[in-house]
Structure formats: structure tokens, C-alpha cells
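If you want the building blocks of each chain, they are given just below.
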Amino acid sequence: MRFVVKGGRLRTLMGLGNLAMGMALCATVHAQDQASTTKSKADADGRTADEVMPVILVRGKRTLNMDIRRNRDDIQPYVVFDAEQIAKSGAQTIEGFLQANLPMNAQQTTNPQLGPQVSPEGRIDLRGLGSDQTLILVDGRRLPSISTGDSFRQANLNGISISQIERIEILPATASGIYGGGATGGVINIILKRDYSGFDVEASYGNAFNGGVGQNRLGISGGFSLEEGKTRVLFSASHANSNLLLSTQRNFARRGAQQQLRNDPTDPSVMLGGANICSTEDGTTCSTQSLQLKSGASLGSAFTSIPAKYTGAASDGGAALTDKAGQLQFDRAGVPIWSAPETNTFTVNARREFSPGIEAYVDFARDHSRDVLSSPSQILQYVPASASVNPFQQDVLSYLTLPSEQTQRQSLTNTRVYAGAIARLPHQWSAVVDYGWLRSTSSSTNSTVLGAASPAADETLQAAVFRDLLASPLSNAESLLSLFKQSGDMGNTLKTLSLRLSGPVVDLPGGKLTATALLERRDETSDDSVNTSDTGGASTFRWTPEARRKVDSQYLELRAPVISARNDVPFANLLELMVSVRHDGYRTEYSGSSIEVDSASGPFPPQTATVNSFGSTSNTLGLRYAPTRDITLRASRGTGFLPPDLGQIRSSAPTLFPSFLISLLDLRDPKLGNALIPGPLTVLAGGSSSLRPEKSKSTSMGVILTPRIMPGLRVSVDYTDIRKTDEVSKLPLNFFIDSEDAFPGRIVRGPGSGGLPGPITQIDSTLFNVASSRLKAFDLQAEYTLTNDALGQLRLHAAATHTKELSRSTTPGVPAVDRAGFSDGPLKWRGNIGVDWSSDAWSAGWNAQYYGSYRTCQSTLSDFSCKQWEMWQGAGKVSSQLYHDAYVSYDFFAAGGILRGTDITFAVNNLFNNQGPTISSAIAYSVGATSYLDPRLRRYTLSVRKHF
């Protein structure tokens, strides 16, 4: 990998590099004390040595965290979770933990609730701006993206074992001034344990209280020293797997269908889950007309269901169906509603000290996850009254559930290799050179039912509507169905090379001005791949050529303790400033995706790559001011950007619209008396190589209260305002026609005559930077710790987020749409409250998660559609939800024999078995439960950890 930078980027890189080196020289003149002096000043300021430089550069630390250690009292409003909080939560995955415990996370549904997907990208969504705007780091480093062919998506974290995590640091605000592009919504840094001593074994088993969805995890970790401590080797490994949860094991689908039946029985989703039949007039929805047999008997209801072991109407003319009039079945189709992958992880780290000033390290990590599930085939089958198998005078509908199973598979493998060297420089400066090679590969197979495979198959399926398929299954049922099958392999490789410098620059009244500088090159490449799809037996091969993104970054962060408590300044107990500036130069080469080829082996036609290049400089400014020890004020302002995605930078081939399509779309020319545009009309669509990055500005202001009259109490309230501009948007053709003068060049006309403009011959509707968003949110964190020699320690804690606004305007001049409080946006209110107690070997705790009410419909629906959704639900809002978790733990630290060094924790999630609000089947379809509910309901986890 070569560093190649030109022009302005080279000058910027050299400028920041010279600035960092100048600071080091300045430190040579001004710094007179060694690490002990730094520590004493840090202690006097209430800061630790870990806070003044990247943690990997702190002497005695075994971590590989490249970032400065952030904390909740920082200038920016970080949220921090430690290993103990994570371990005792009962969560099985990082995604599951953050979904339940981080109020700023607008994520509604976790990957286990969705099952194997075509693409296994992560779904963590800070502030509701989208998962692509939440940056994920591990030990301060980026992970390889998940490639989808036309985009680089968020990395999947579920392969990292919960037991490997030391802490998680979250900044829910724009952070590109520190971390670079893609952090407009915030950043999550997961710091892994690197300081094992001895040998640890951890085992856990969890299940729902009514069984059927067991999970188990086994992990080992350890460390040892060689060469009298000069060399340390650390290792860890884990294995986890779980059972599958089916819809028949819960009553969600039954509740959703019954609620739908009460509010609007015409939606066919009410028949999901069993062998049910309804009358229909249009062939797509149920009617309210009562079913009537051809013999003349009326059922008095538009619905009926198939009796057990019924073989069809030929035997009795459908008489047995009258006994089931008005009765529906709901529990005969076992659709997966929760699944977790089988996961294996392994890490090993070696670190050697060659001299007091030189260390080197090598780190290897690999995780592999695999998820396989099978679903019954479900198809909405129409049977006309004229069909001989239909005993009714009306046309009917039925959701056929065929035991023939569709299998979906997904596997994901992540490999990370780092090698580097740490140098202790004069005057307390340190440097680290780090090289990383990271690779993510995924493979998936899935299928979807399209309908009957042929007219003959349709007749067979019509007859199957009137028989019990569990008792008399169809032979070779899959041959009767037209299936869309898709399979493919994707991969991404990320190579990084960085130089990071950190150290004190000059003495200030409150301590030392510290600097951290970074030079980095990232090179990310997606694999050249072919995906195969099969529709009704006809195979199609779609090729995605290699895509490449190169990023050159330069970053500098300064932290200045201007005043500290030791200065004894009236009304100024603390004043700390920080500034960071970062420049990122992007170059993306993309040749398209889903290009149809003859076979998996080609031939592959030559492609000309679309190139998108830009440079973006972001910054963060902040201060922390404490007039007294009881109150601290903090404020920060940062800028950020989101680079254009792959699919957004490549345009499609021009399309010719004939006159009939122009008439169908009603495309009229306002400058020619609103006459229809003559055909043919050339339309340019798709992406554009001239797209600029989306921009954001974030402002955070907050107060931290630590009153001395109540020792142990801490309360913080922070306000965050994120404004996004230049968002990429696709607008309808009529917008460009009506706004011709505002967007020169988008409309091309032919020659005019008689003083009138010529006819429109071309419309350029390619993507462009025009949309904008606005987020306003308040965050609360509170903690109160009481310590009593006899009773132990009691910690009360709470966290909450109020999203006041998340609005987006896609078209200039059109009012913005606010998504906050709608089913497709972040909740208005979301929070956690709990208490932890510990005394000697015992500890216990309780935690509750609150999810506020939200509008039933989605923010982008029309008034008509919104009213329809509210009619289905029977309410304009889905009610608020509260779920309780508890744990108890015992540490045998004082025990003798085999129990010594053993820690046992028992946790219960959803303690009161709250089943959440019912969601009507037309909205939630086959699930019937709110997405904020873990469908496993009340469940337990028993964990045992043994240290040797």
C-alpha cells in the first residue's frame, strides 16, 4: 500500500505534520518534568493520565484503544458503559445491549428479530438519522464495511462476544472533526479487553421461562508473560448458539389478527396463521358478504376455517365448513420471529518491550457467524366461484400455508490483523505506527414465493384451500410454486496505515496543553462478485465489479486545561478548552452493480469506472467551565460530513419516454401553455459523479451537577442540535419542469420560434444535493451512590432522551416532515431507570426500559393512508411500554477450594412478562408485536465465571 497524495491534500498533510512536530519541539523547550509531574498535575485537576493522550500510548496500559479515553464528564456528552454493566444486563449481543440500554439509539428492530437477510449490515442508529450515519469503531479503529454491491454499509458487531468488551464509549452528536466521515449521527467505540492475567472460563445459558429458545455461550481467555515480563501474550475464544423462536410459540399473531378482525375484517392478513377462508369481491381483499354454499346453506359469516383432517368439499359439498363459520385458526403456521446466529470468535495478541522506549505488538481477531432458518411457504390463493373445487357461491381467498419449507442461510466472517510499534519520545511524547488488514465476507441464500408455477399448479393449489394440509400434505409442494431464489457472496477488504503522536506541549496555569495528531491512509475495496437469482427456474446472473475507496486523513486535537482547582481562582474551579480539526480526502471508483451477464463465469464486459473525489475539513470546538465544584457547564460545536454512497455517484443509461408514457405521467410544459411534452423525451436518472458530501453542524450544550451537599449525586442534562444540509435527494420529473429557472441545465429544449421557447427534449433528474434535516434532542443522565459500611453500596441511575424534532425537507419550498414520534422515526421519549446494590460478595440490581407512545402511521403516509392505518389499529397511537430486568450475583472471592475465584450471576429479562401493545396484522403482518419488544418475553440467563 502506497501513500500518494497530491496538491492541496499534500499541503494540508504536511501542514498538520509540521504542526505536530513543532509542538514536539515546543515541548522540548517547555517540558521540564517527567511522567510523575504530569500525573501530579492531572490528579490536582481531577483528571487522570489516561485522559490526556490515546490510551494505547499510556504507560502500563495493555489496551490497543487508539482513541483518547472518553468519559461522561468530558467536554462532549459521551455515554459510557463498562464491562460489569454489560455482563449483568443479560444481553447476548452488542446490538441487543445497545437497543435496550442506550436511549439515543433509535433502532427499532434487531437482527435476531429479522432473521437472515440478504445483507447482514449493522442497524445501530444514533438519533434516527440512519445506520449509515452512525460510525462504528473497535479500539478506536474503523471496521470494514458490509458491501451490498451499490453501497458500503455499517459493520456488523454481533460477531464480537459480550465477554470480550471492556467498555463502550458513545458520542451521540456529529463527530467528523475527530473521527472523520460517516459520523454525522454519532460514533460508538467498543474497547476490547487486552489485560487478561491468568486464565478465565465463562459459561452462560439462557432461555425463556416457558422454554424453546435456549441460548448458550462458552468463553475462555487468558494471558501469560515471557522473558521476565518483556513479552505478554493474551488470547480469548468463545462459542455461542441458540434455538429458533416460532410464531406458534407466542400469541402475537393471534392477537394482531383478532384486533384487525375487530377493526377492519377486509384485510386478508386476518387469515394468516391457519387454514382460513373468506369471501371476496375483488380477488385481493375480504368482503363482508356472508359465505353461502352452492347447496343454498348460508354460513352467516364471511369467514370460515378448515376442520381437522378435512379432505375437501367433494365428500360433503362443504357442509363441514358451516360448523366453523366465523371461526379462524391462528396457530398452525410456525413462522420464525427470532433467531440468533451461531458465533465463534478467537483473538490473540502479543506485545513485546524491546527497550524502555520501544514496544511492538501484533493482534489477530477472527469471528464467524452462521444463521440458518426454514419457513413454511405462505401464498394468498384466489379461488373463483366457478371452480369445481369451490363449494361456495362466492369467490374466496385463503392464505395457504404449505409445509414445504424455504431455507434461508447467511454466514459472516470478519478477520482483523494489526501490527504496530510504540515509541516513547523525549519530554513525555509518544508515537504509534499502526498497520491494519481487515476483511469481511458474507454469503447468503434466500427465497420468496411469487405464486403458482403454472395454470395446472394453480388448480392444484385451489383444491388445497379446502383440505387440511397438515393431515394431508401436498406431494412435492415446492414444484407447485414459482419461487424467487437469490444467492451470492460479498466481501470487503480494508487496509489502514497510520501514525499517531501525542504529548504535552506547554505548561498552562491549569496543567499541560496536550496534543494528539494523526496521519492515516485507508484503502477499502469491495470484491468483484456475481449474484445468482432464479425466478421460476430461469437463472439470472448479475455482476458487481470491484469498487474502491481511498481516504487520506490528517487530524489534530488539542486539550487545554486553562484553570484548575489548584489555581484558586474565584468563580473558576475549572476551565478546559478543546479543539480538533480533521481533513479527509476521498477518492471513490465505482463501475456499477447488478450488471447482467451470461453466467457466473462471465464474460464480463469492460466497464468505465465513475470517479468521485472531494476533500472535507471538519472541526470540533468545545469548552468545560466549572464556577464551583458543584456545577460544570459544557458546550461544543462540530461539523461533519457523509460521503456519497456508491450507488449515488453512478448515473443510469438515458431512457427515452414515448408519448403514451408522457401522457400517463401527465408531463406538461408550463412555458408552452401546459401542453403535453412531445415525445420522445430523453430522461437522465440515477446517480451523479458531481455529488458533494452531505454536511452537518452539531451544537451541544449541557450542565453537570455534583452538589457537595449530596455526595455521590451526579446529574447531567444536555441539548443537541444537528442541522444537515446538502443531503442527496431524488425528485420527481415535474419538480424540474416547474423549477426550470432555479436549476439551470436540468431542462434542455429544442429550437424556439415566434418568441416562445422550444419544446423540452431532455430532463436531467439525476440525484443532487438539495434536501436538509434538523434534529433537536435533550439527554438526561442521573446517578446517586450511597455507601454504608453495614449495608454496602447502593447506586441509583437513570438515563432518558427526548427527541423534540427530527424533520426532513426533500424539496425546496415544501414544509419539512417531522418523523419524531411516528412509527418510522425515533420515539419522542425513551429511557432507562435502575438501581444496583453490592455488599461484600453479593450484588443485585434492577433496570427498567421505557419506550414512549408513538403514532400508529408513518410520517410519509398521506392523510388517507394514515387514517386507514389508525382504523386498522383502532387507535391513533401505540401505547407506551415498560420492561423490567433484574439480576443477582455472588462472588466466591473469599471461598476456599474449587469455588475460589468463581462468580455466578442470574439475570431475568422482562421480569413481569409484559407482552407489549398488540399491533394489528395489516401493519405488523405475521408478527403482531411491537418492534420494541423482544419476542422471547420473560427469560433468564445463568452465567458462571471462573478465574484460575
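Criteria and cut-off values
- Residues numbered from 1 in each chain as written.
- Predicted model: local features only at pLDDT ≥ 70, side-chain atom pairs only at ≥ 80, totals over all residues.
- Heavy atoms only, no water.
- UniProt positions renumbered as here; feature names shortened; annotations may be inferred.
- Helix = DSSP H or I, 4+ residues; strand = E, 2+ residues; numbered from the N terminus.
- Expected span 1.5 Å × (residues − 1).
- Buried < 20%, exposed > 50% of the residue type's maximum accessible area, 1.4 Å probe, protein only.
- Contact = heavy atoms within 4.5 Å.
- Pairing = 2+ DSSP bridges.
- Axes fitted to C-alpha atoms, helices over the stretch in contact; angles between N-to-C directions.
- Disulfide = S-S within 2.5 Å.
- Core = buried A, V, L, I, M, F, W, Y, C linked by side-chain atoms within 4.5 Å.
- Phe/Tyr/Trp six-rings, centres within 6.5 Å; stacked < 30°, edge-to-face > 60°.
- Lys NZ or Arg CZ within 6 Å of the ring centre and 35° of its normal.

The name an unreviewed UniProt entry assigns to the protein chain is TonB-dependent receptor, from the organism Pelomonas cellulosilytica. Quoted straight from UniProt, the Subcellular location (unreviewed entry) entry for the protein chain says "Cell outer membrane". Looking at the protein chain in UniProt, the text filed under Sequence similarities (unreviewed entry) is "Belongs to the TonB-dependent receptor family."

J.: Any details on the UniProt feature "domain: TonB-dependent receptor-like beta-barrel" (unreviewed entry) in the protein chain? Residues and values, ideally.
T.: Here the UniProt-annotated "domain: TonB-dependent receptor-like beta-barrel" (unreviewed entry) positions come out as residues 407–911. Across residues 407–911, the secondary structure splits into 7% helix and 59% strand, with the terminal C-alpha atoms separated by 34 Å.

J.: Give a detailed account of helix α7 (residues 252–263), specifying residues and quantitative values.
T.: Taking 1.5 Å per residue, twelve residues should reach 16 Å; α7 reaches 17 Å between its end C-alpha atoms and fits that length. Of the positions making up α7, those classed as buried are F252, A253, R255, G256, A257, Q259 and Q260.

J.: Give me the lowdown on the side chain of Q107, citing residues and values where you can.
T.: With respect to the secondary-structure elements, Q107 resides in the loop between α4 (94–101) and α5 (111–114). When its relative accessible area of 3% is taken as the criterion, Q107 is described as buried. Setting aside residues up to four positions removed in sequence, Q107 forms contacts with E95, Q99, R123, I124, D125, R830 and Y932.

J.: Before we move on, could you go through the pairing of strand β36 (residues 768–788) and cite the residues and values that matter?
T.: Across 15 bridges, the pairing between strand β33 (residues 713–729) and β36 is antiparallel. Across the sheet, residue E727 finds its bridge partner in β36, namely A771. Note that β36 and strand β37 (residues 792–809) share 17 bridges and pair antiparallel. What sits directly across from N788, in β37, is G792. In textbook terms, the turn of a hairpin is the stretch between consecutive antiparallel strands, and for β36 and β37 this stretch comprises three residues.

J.: Please give an account of the sheet that holds strand β7 (residues 186–192) that cites residues and values.
T.: Spatially, the five strands line up as an open sheet ordered β1-β6-β7-β2-β3, and their pairing is mixed. Each of the sheet's edge strands pairs with one partner strand only, and the pair in question is β1 (79–82) and β3 (141–142). Relative to strand β6 (residues 165–171), β1 runs antiparallel, the two sharing four bridges. The partner of D82 across the bridge, within β6, is R167.

J.: Any details on the sheet that holds strand β28 (residues 655–657)? Residues and values, ideally.
T.: The four strands lie next to each other as β28-β31-β35-β34, forming an open sheet whose pairing is mixed. Edge positions in the sheet fall to β28 and β34 (747–749), since each has one partner strand and no second. Ignoring strand direction, the axes of neighbouring strands in this sheet form an average angle of 25 degrees. Relative to strand β31 (residues 681–684), β28 runs antiparallel, the two sharing three bridges. Paired with L656 across the strands is T682, a residue of β31.

J.: Account for the state of the cysteines, with residues named and values stated.
T.: Taken as a whole and assessed by the stated rule, the structure comprises two disulfides. In this model C278 forms its disulfide with C286; the gap between the sulfur atoms is 2.2 Å. Sign of the S-S torsion, about -85 degrees for the bond between C278 and C286, identifies this disulfide as left-handed. Just as C278 is buried, C286 falls in that class too. Residue pairing for C857: its cysteine sulfur links by disulfide to C866, the two sulfurs lying 2.0 Å apart. With the S-S dihedral at roughly -50 degrees, the linkage between C857 and C866 falls on the left-handed side.

J.: Could you give an account of the nonpolar core, with specific residues and numbers?
T.: Across soluble globular proteins, you tend to see nonpolar side chains buried next to one another. In this structure, F392, L461, F466 and L474 are the most contacted members of the largest nonpolar core, which totals 29 residues. Mapped onto this core, the elements with two or more residues apiece are α8 (319–322), β16 (358–383), β17 (395–424), α9 (455–464) and β19 (481–508). In this structure, F392 is in contact with L291, Q292, L293, K294, L299, T304, L321, A385 and F466, ignoring residues within four places of it in sequence. Counting residues in each nonpolar core, the second largest holds 27 residues, with I86, L143, I170 and I190 among its members.

J.: An account of the packing of aromatic side chains is requested, with residue identities and associated values reported.
T.: When we look at a pair of aromatic rings, we describe it by the centre distance and by the angle of the planes. Under the definition given, this model contains 22 aromatic pairs. Relative to F614, the ring of Y586 has its centre 5.0 Å away and its plane inclined at 5 degrees; by these criteria the two rings are stacked. Of the two residues, Y586 is situated in strand β24 (residues 574–590) and F614 in strand β26 (residues 610–628); the sequence distance between them amounts to 28 residues. The same class applies to Y586 as to F614, namely buried. Aromatic pair F736 and F768: ring centres 5.6 Å apart, planes at 45 degrees, arrangement tilted. One end of the pair, F736, is in helix α11 (residues 733–738); the other, F768, is in strand β36, and 32 residues separate them in sequence. The buried category is assigned to F768, whose relative accessible area is 10%. Through a chain of ring-to-ring contacts, three or more aromatic side chains come together here, namely Y205, F209, F906 and Y940. Positioned above the aromatic ring of F768 is the side chain of R746, whose terminal nitrogen or guanidinium carbon lies 4.5 Å from the ring centre. Geometry around F948 places K946 over its ring, the cationic atom sitting 5.4 Å from the centre.

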